[in-house]
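# Structure at a glance
Spelled out from the first residue to the last, the chains are:
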Amino acid sequence: MTLRVVPSILGKRGLQELYSTPRRLPIFAATQRFPFNLGIRQYASVEEERGRGSAPPPGFDAAQAKQSPSASPSEQSTTSKPASSEQIASSRGFSKPPSSTSTPTDWEENPDLSISKFSELPGKDFGVNQHIIINEEFKEALRQILWKFRAPIRYAFAYGSGVFPQSAGKSGGSKNLHPNPPEAVAKVQDGNQKMIDFIFGVSYSQHWHSLNLHEHRDHYSWLGSLGSYAVSKVQDSFGAGVYFNPYVTVNGTLIKYGVVNLDTLCRDLSEWDTLYLAGRLQKPVKILRDNPAVRLANQVNLIAAVRTALLLLPPEFTEKELYSTIAGISYMGDPRMSIGGDDPRKVENIVKHQLPNFRRLYAPLIDNLPNISFNDPACSNRDWLDDPTVNSRLAQNMDPVTRGHMVRRLPNAFRKKLYFEYQSKFKIPRGEFNKMLEKTKDEDPDRIRRREGGPFEQRIAQDTEGGGLREEVKQVIEHTIRWPSFVQSVKGAVTAGWSRSVRYATEKRAKGKKGAQALEEAEQDKEKKID
């Protein structure tokens with residue numbers, strides 16, 4: 001018997017997972033698991049960021065922004081319209097019943113990414129695990145930066161070492177990086193100032209850049225002189241669909257912000273066509289302005305990250321191994337990691353210094369999946385969720401039928417690439433393979449077909465030849481990431497301008513050298529201890 005918690009996060013389908021085999025994991029009795037479940041409930045029931053609760057800074061003319069002649073009505077309301085009673089109630093934990101377009105039984109199999117209201121999500125607590133808690137004053141300072149952009153931002157998050165420390169002490173930053181930062185930013189970064197990274201999700205790329213060019217022409221390189229059409233064309237047509245403006249000062253703070261179309265963002269989160277943005281959101285980020293469709297797509301992304309990690313892990317493993325595997329997905333195939341363009345200890349540092357935040361993201365999902373379980377006495381401690389010294393053990397079901405279902409439920413674009421790898425490996429004739437693919441299509445107008453693994457997926461799950469399934473999954477991840485990441489890096493030289501690109505590359509290269517040196521020293525210390 002196991003207790004099930006936070007059913008609204010995953011819905012009924014997430015609880016059942018449609019697995020035809022029983023759960024065969026060593027688990028605690030209900031009385032032993034109670035403190036763990038109580039903690040998960042607490043983790044999954046705190047703040048939801050709507051991005052509308054913060055007051056704009058003094059002098060901000062909301063009426064003028066709303067009446068901007070070049071802004072579309074739908075986007076104007078996002079920028080300046082006061083929160084409705086429904087939004088306020090929703091932000092306090094209340095919600096309307098799920099709509100017929102997005103029920104708790106089909107949110108993962110048929111995610112309706114056309115939703116526009118939080119009340120259309122499968123439940124009032126759906127996806128709150130995505131909201132990481134940070135210092136309240138720091139959060140408000142980050143929100144005030146968003147208010148400096150008159151162009152409408154529909155979804156926004158801050159990420160990276162400028163928001164979440166990735167190393168101990170005061171290394172890798174500068175005492176005077178920000179020209180005149182708010183007190184909260186200076187206090188949190190505490191003499192180790194780092195550029196703060198943002199991603200802005202927008203409805204219409206060209207429209208957004210048109211407004212932003214008018215307001216902040218100095219944020220753009222020479223490409224901005226060609227107009228919003230050229231900027232949006234470069235953004236949407238090359239790489240992962242993101243346009244970055246680095247090393248710009250807003251509110252006295254040095255920031256880098258990337259602009260992405262919401263459709264592009266949701267597609268990558270739900271299908272993993274590039275894993276460029278999905279990979280960033282698989283790690284803790286601070287969501288500053290939320291969007292219901294993105295929240296739904298990101299929940300699909302997070303549960304897919306858990307499944308993919310399980311395919312790469314042995315029957316038993318630790319939390320750090322699980323979270324390191326998840327965090328490492330987005331760096332597999334990244335050209336910067338192979339040429340020393342970033343710290344080789346990056347994944348280790350991220351997980352080591354953000355363990356409680358990873359728990360917040362993934363513990364509710366893990367607790368609701370039937371093929372994985374926490375298997376450690378430490379979980380009986382009521383306070384273990386916030387304890388960074390705990391590295392609890394987990395176990396997963398290695399039954400091929402169960403793992404076949406996991407393969408079948410991988411994101412669509414990613415799963416197709418894995419299937420093509422195995423078509424070649426298993427030497428399946430093209431005609432037979434095409435028929436098999438037709439049967440596994442996700443598009444189902446009647447919403448009847450279930451994403452259950454069949455003989456082909458079970459055969460994949462049992463593969464042990466030449467590194468087996470683990471190596472094939474790694475290879476698909478690398479193929480998915482390598483080209484978009486490379487093109488994004490090349491595109492950066494155009495979008496950021498030559499001087500900013502050289503500065504960015506130089507700083508990354510310095511981090512890579514420093515990390516490699518530290519790694520080498522650590523290895524030497526180990527050898528000395530062994531001797």
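The structure reproduced in this document is the subject of the present report. (Residues numbered from 1 in each chain as written. Predicted model: local features only at pLDDT ≥ 70, side-chain atom pairs only at ≥ 80, totals over all residues. Heavy atoms only, no water.)

Moving on: the environment of D376. Relative to the helices and strands, D376 resides in the loop between β7 (372-374) and β8 (393-396). In this structure, the C-alpha to C-alpha distance between D376 and A395, residues 19 residues apart in sequence, is 9.5 Å. Among the polar contacts made by the side chain of D376, one reaches the main-chain amide nitrogen of A378 at a distance of 2.9 Å. Of note is the side chain of D376, whose polar atom sits 3.0 Å from the backbone nitrogen of R393. (Helix = DSSP H or I, 4+ residues; strand = E, 2+ residues; numbered from the N terminus. Polar contact = N/O pair within 3.5 Å; in protein donor to acceptor, adjacent residues only side chain to side chain.)

Attention now moves to the side chain of Q488. Tracing the chain through its elements places Q488 in helix α21 (residues 468-495). Judged by its relative accessible area of 6%, Q488 falls in the buried class. A distance of 3.4 Å separates the side chain of Q488 from the backbone nitrogen of V242, its partner in a polar contact. Looking at Q488, its side chain comes within polar contact range of the side chain of K491, at 3.0 Å. Beyond its immediate sequence surroundings of up to four residues, Q488 is in contact with F238, G239, A240, G241, V242, F244 and Y276. (Buried < 20%, exposed > 50% of the residue type's maximum accessible area, 1.4 Å probe, protein only. Contact = heavy atoms within 4.5 Å.)

Once that is clear, we can look at the environment of I372. By secondary structure assignment, the location of I372 is in strand β7. Of the residues examined, I372 reaches a relative accessible area of 0% and is grouped as buried. Considered as a pair, I372 and P315 are 57 residues apart in the sequence and their alpha carbons are 9.4 Å apart.

Okay, a nonpolar patch on the surface next. Taken together, the side chains of W222, L226 and V494 make up a nonpolar region of the molecular surface, amounting to roughly 310 Å² of accessible area. With respect to the helices and strands, the residue L226 is situated in the loop between α8 (205-215) and α9 (228-237). (Patch = residues over 30% accessible without salt bridge, like charges linked within 9 Å, V, L, I, M, F, W, Y side chains within 5 Å. Areas by Shrake-Rupley, 256 points an atom, 1.4 Å probe, with all protein chains shown as cover. Salt bridge = Lys/Arg side-chain N within 4 Å of Asp/Glu carboxyl O.)

Working note: regular strand, side chains alternate between the two faces of the sheet. Most of strand β3 (residues 242-250) sits out of view: 8 of its 9 residues are buried. When β3 meets strand β4 (residues 253-261), the two strands line up antiparallel, connected through 7 bridges. Following the sheet pairing, V248 is matched in β4 by I255. The antiparallel hairpin formed by β3 and β4 contains 2 residues in its connecting segment, where N251 sits at a positive phi of about 55°. (Pairing = 2+ DSSP bridges.)

Take unusual backbone geometry next. If you check the backbone angles, Y247 has positive phi at about 55° while not being a glycine. Tracing the backbone through its elements, the reader meets Y247 in strand β3. Positive phi is not limited to glycine here, since K427 has a value of about 55°. Along the chain, K427 turns up in the loop between α18 (412-426) and α19 (430-439). Overall, K427 belongs to the exposed group, its relative accessible area being 71%.

Along the polypeptide, R409 turns up in the loop between α17 (400-408) and α18. The class for R409 is buried, based on a relative accessible area of 2%. A polar atom in the side chain of R409 sits 3.0 Å from the side chain of E108.

Turning our eyes to something else, we now look at the environment of Q354. Relative to the elements of secondary structure, Q354 occurs in the loop between α15 (346-353) and α16 (355-368). With 71 residues separating them along the chain, Q354 and K283 place their C-alpha atoms 9.2 Å apart.

Counting residues in each nonpolar core, the largest one holds 119 residues, and the members touching the most others are F198, W208, Y257 and Y362. A per-element tally of this core places helix α12 (residues 292-312) first, with 14 residues. Beyond its immediate stretch of four places on either side in the chain, F198 contacts L142, I145, L146, F157, A158, Y159, I255, K256, Y257, G258 and L288. (Core = buried A, V, L, I, M, F, W, Y, C linked by side-chain atoms within 4.5 Å.)

The element strand β1 (residues 155-159) is extensively covered by neighbouring structure, given that 5 of its 5 residues are classed as buried. In β1, alternate side chains face the same way, and those of Y155, F157 and Y159 on one face and A156 and A158 on the other are all buried. Looking at chain direction, β1 and strand β2 (residues 196-202) are connected through 5 bridges and run antiparallel. Bridged to F157 within β2 is I199. Note that β1 and strand β5 (residues 286-289) share 3 bridges and pair antiparallel. Bridge pairing in β5 places A156 opposite R289.

Right, let's talk about the sheet that holds β5 for a bit. A sheet is described by the order of its strands in space; here 5 strands give the open sequence β3-β4-β2-β1-β5, paired in mixed fashion. Edge positions in the open sheet fall to β3 and β5, since each of these has one partner strand only. Mean inter-strand twist for the sheet, computed between neighbouring axes without regard to direction, equals 25°. Sheet analysis places β2 next to β4, joined by 7 bridges and oriented parallel. Across the sheet, the residue bridging to I196 is I255, located in β4. The strands that α9 touches are β3 and β4; relative to β4, the one it contacts most, it runs at about 75°. Strands β1, β2 and β4 of the sheet are contacted by helix α10 (residues 262-271), whose axis makes an angle of about 80° with β4. (Axes fitted to C-alpha atoms, helices over the stretch in contact; angles between N-to-C directions.)

Here the focus is the sheet that holds β7. A sheet is described by the order of its strands in space; here 3 strands give the open sequence β6-β8-β7, paired in antiparallel fashion. With partners counted over all chains shown, the strands left at the sheet margins are β6 (316-318) and β7, one partner each. Neighbouring strand axes in the sheet, compared pairwise and without regard to direction, differ in orientation by 25° on average. As paired strands, β7 and β8 are joined by 3 bridges and run antiparallel to one another. Note on β8: the bridge partner recorded for F374 is L394. Each of β6, β7 and β8 touches helix α13 (residues 319-329); the most contacted strand, β6, lies at about 80° to it.

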